[in-house]
Amino acid sequence: MAAVYKSLSKSSAKAEKDTDGKVMERKNKQRVLILSSRGVTYRHRHLLNDLASMMPHGRKDVKFDSKSKLYQLNELAELYNCNNVMFFEARKGKDLYMWFSKVPNGPTVKFHAQNMHTMEELHFTGNCLKGSRPLLSFDGAFEKEPHLKVIKEVFQHIFGVPQGARKSKPFVDHVMGFSVADGKIWIRNYEVREVERVKGEGDKEEESKARKSKLGDRDTDVSLVEIGPRFVLTPIIIQEGAFGGPIIYENKRFISPNHVRSELRKSKATRHVGRMEQQRDTLARRRNLGLGDGETKERDGLDTRELFA
């Protein structure tokens, strides 16, 4: 059976012909280098492992030390014979930025990852065969804007497992969905589950017979069950080259998480300053009305006005 499958797969792969009329075999050679920077948290590490297990054409590597000289990843990918790079960059032990790049000519897309949930913490009932090839389902919004078209092409090269990959299985039993909402890309992973359909009466029997004829005497219901992981990506910039070159797209609506945290701290400081000013005004009014503010009492050595006079 293995020899029959191998011969059939080779014959189906031969689809192109050159000018002399000879059959040329078209090969989709895609290999992805998956690695992270230092400082990643356990959640980032588990997400990387989940994605690596879903990509049999991927090659995991040790942590990358530098966060400024990312162009060195091009040489690293060439060393491992990879033409795609997925890099997890952790900042301040809480922020995760994901880089997707085509080596060596580009482009490179930088995302900010949010709402990350791994397979272990979700406890979904779905399951799929390890090493199986996924179906990539893209939202219609990916065809409306130019930068989304570029992102879609990069996702196809990275998440799309090529036929005949070394560790891949000849099965397609899960679907990866990419949706666009609120300027973000929502990524979900589903299992394709087939369940035997219960026979009905009347019209339902006719529908079941028609379905049997289409599916080859199979009466099943096909449904999608979420597996995980799930996460949300916010595009930041798109560079023309591989980890370098001019910026061809920049998301003006993106707000850095550092700026968000800074604004929160400023708002808390403003509320504290307001409370202190209100307290000083209250003491001044009591003094003007002759009600006193505790000055007549004897001060001890631990009194605030004595310590901070």
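Rules used in this analysis
- Residues numbered from 1 in each chain as written.
- Predicted model: local features only at pLDDT ≥ 70, side-chain atom pairs only at ≥ 80, totals over all residues.
- Heavy atoms only, no water.
- Phe/Tyr/Trp six-rings, centres within 6.5 Å; stacked < 30°, edge-to-face > 60°.
- Helix = DSSP H or I, 4+ residues; strand = E, 2+ residues; numbered from the N terminus.
- Buried < 20%, exposed > 50% of the residue type's maximum accessible area, 1.4 Å probe, protein only.
- Lys NZ or Arg CZ within 6 Å of the ring centre and 35° of its normal.
- Salt bridge = Lys/Arg side-chain N within 4 Å of Asp/Glu carboxyl O.
- Lys, Arg positive; Asp, Glu negative; His and termini not counted.
- Contact = heavy atoms within 4.5 Å.
- 1 Å grid on protein atoms, 1.4 Å probe; cavity = no way out; pocket = protein on both sides within 12 Å on 5 of 7 lines; lining within 4 Å.
- Points joined across faces, edges and corners; volume = space filled by probe spheres on them.
- Nonpolar A, V, L, I, M, F, W, Y, C, P; charged D, E, K, R; others polar.
- Expected span 1.5 Å × (residues − 1).
- pLDDT = per-residue confidence, 0-100.
- Pairing = 2+ DSSP bridges.
- Patch = residues over 30% accessible without salt bridge, like charges linked within 9 Å, V, L, I, M, F, W, Y side chains within 5 Å.
- Areas by Shrake-Rupley, 256 points an atom, 1.4 Å probe, with all protein chains shown as cover.
- Charge placed at Lys NZ, Arg CZ, Asp CG, Glu CD.

Remarks on the packing of aromatic side chains
- Under the counting rule described, the total for this entry stands at eleven aromatic pairs.
- With a centroid separation of 5.5 Å and an interplanar angle of 80 degrees, the aromatic rings of F100 and F155 are classed as edge-to-face. You can see F100 sitting in strand β6 (residues 95-102) and its partner F155 sitting in helix α5 (residues 146-159), a full 55 residues away along the chain.
- When the ring of F155 is compared with that of F159, the centres are 5.7 Å apart and the planes differ by 70 degrees; the resulting orientation is edge-to-face. One end of the pair is F155 and the other is F159, both in helix α5 and four residues apart, which spans about a single turn. With respect to burial, F155 and F159 carry one shared label: buried.
- Through a chain of ring-to-ring contacts, the aromatic side chains of F100, F111, F138, F142, F155, F159 and F178 assemble into a single cluster.
- A cation over an aromatic ring shows up here: K110 above the ring of Y97, its NZ or CZ 4.9 Å from the ring centre.

Topic: the pattern of salt bridges
- Scanning the model with the defined rule gives ten salt bridges in all.
- One salt bridge connects E226 with R230, and the closest N-O pair in it is separated by 2.8 Å.
- Residue classification places R230 among the partly exposed residues on the basis of a relative accessible area of 22%.
- Via salt bridges that share partners, R188, E226 and R230 belong to a single interconnected network.

A short note on the side chain of D61
- Mapped onto the elements of the fold, D61 is located in the loop between β4 (58-60) and α3 (72-79).
- Although D61 is buried, it forms no salt bridge, and the closest oppositely charged side chain is R59 at an N-O distance of 4.5 Å.
- The contacts of D61, once residues within four sequence positions are left out, are L33, I34, L35, L76 and Y80.

Re the layout of surface pockets
- Taken as a whole, the second largest pocket holds about 390 Å³ of empty space.
- Forming the walls of the second largest pocket are 21 residues, and the residues nearest its centre are D182, G183, K184, T234 and N251.
- Put simply, the parts of the chain that give the lining of the second largest pocket at least two residues each are β7 (108-117), α5, β10 (184-196), β12 (230-239) and α7 (257-288).
- Residues belonging to the lining of the second largest pocket are distributed by class as follows: ten nonpolar, six polar and five charged.

Observations regarding α7
- The first and last C-alpha atoms of α7 sit 47 Å apart over 32 residues, in line with the 46 Å expected at 1.5 Å per residue.
- Positive phi appears at G290, one or two residues downstream of α7, with a value of about 75 degrees.

A look at unusual backbone geometry
- Looking along the chain, the bond that leaves V103 and enters P104 is cis, with omega of 5 degrees.
- Between G106 and P107 the backbone carries a cis peptide bond, its omega angle lying at 5 degrees.
- Along the chain, the position of P107 falls in the loop between β6 and β7.
- Of note in this structure, H123 is not a glycine but carries a positive phi near 60 degrees.
- As for its position among the elements, H123 is in the loop between α4 (119-122) and β8 (132-138).
- When its relative accessible area of 66% is taken as the criterion, H123 is described as exposed.
- One non-glycine residue, D182, adopts positive backbone phi at about 60 degrees.

Overview of the confidence of the model for the protein chain
- Of the residues in the protein chain, 81% have a pLDDT of 70 or more, and the chain-wide mean is 82.
- Here residues 1-6 is a poorly scored stretch, pLDDT under 50, and it has one contact once near neighbours within four places are set aside; other chains count.
- Note on residues 13-19: pLDDT under 50 across the span, and 14 contacts to partners over four residues away in sequence or across chains.

Let's talk about the pairing of β6
- Burial analysis of β6 places eight of its eight residues in the buried class, the great majority of the element.
- Burial along β6 is two-sided: D95, Y97, W99 and S101 and L96, M98, F100 and K102, pointing in opposite directions, are all buried.
- Judged from the eight bridges that link them, strand β5 (residues 84-91) and β6 form a sheet pairing that is antiparallel. Counted as the bridge partner of E89 is Y97 from β6.
- Once β5 ends, the chain turns through three residues before running back antiparallel as β6, passing K92 with a positive phi of about 60 degrees.
- Counting the residues between successive antiparallel strands, the hairpin from β6 to β7 contains five residues, one of them, G106, with a positive phi of roughly 95 degrees.

Regarding a positive patch on the surface
- A cluster of basic residues, R31, R59, K130, R166, K167 and K169, forms a positive patch at the surface.
- Inspection of the secondary structure puts R31 in the loop between β2 (23-25) and β3 (32-36).

Re a nonpolar patch on the surface
- A cluster of nonpolar side chains, I255, V260 and L264, forms an exposed patch at the surface whose accessible area comes to about 270 Å².
- Its place among the elements puts V260 in helix α7.
- The exposure class assigned to V260 is partly exposed, which follows from its relative accessible area of 40%.

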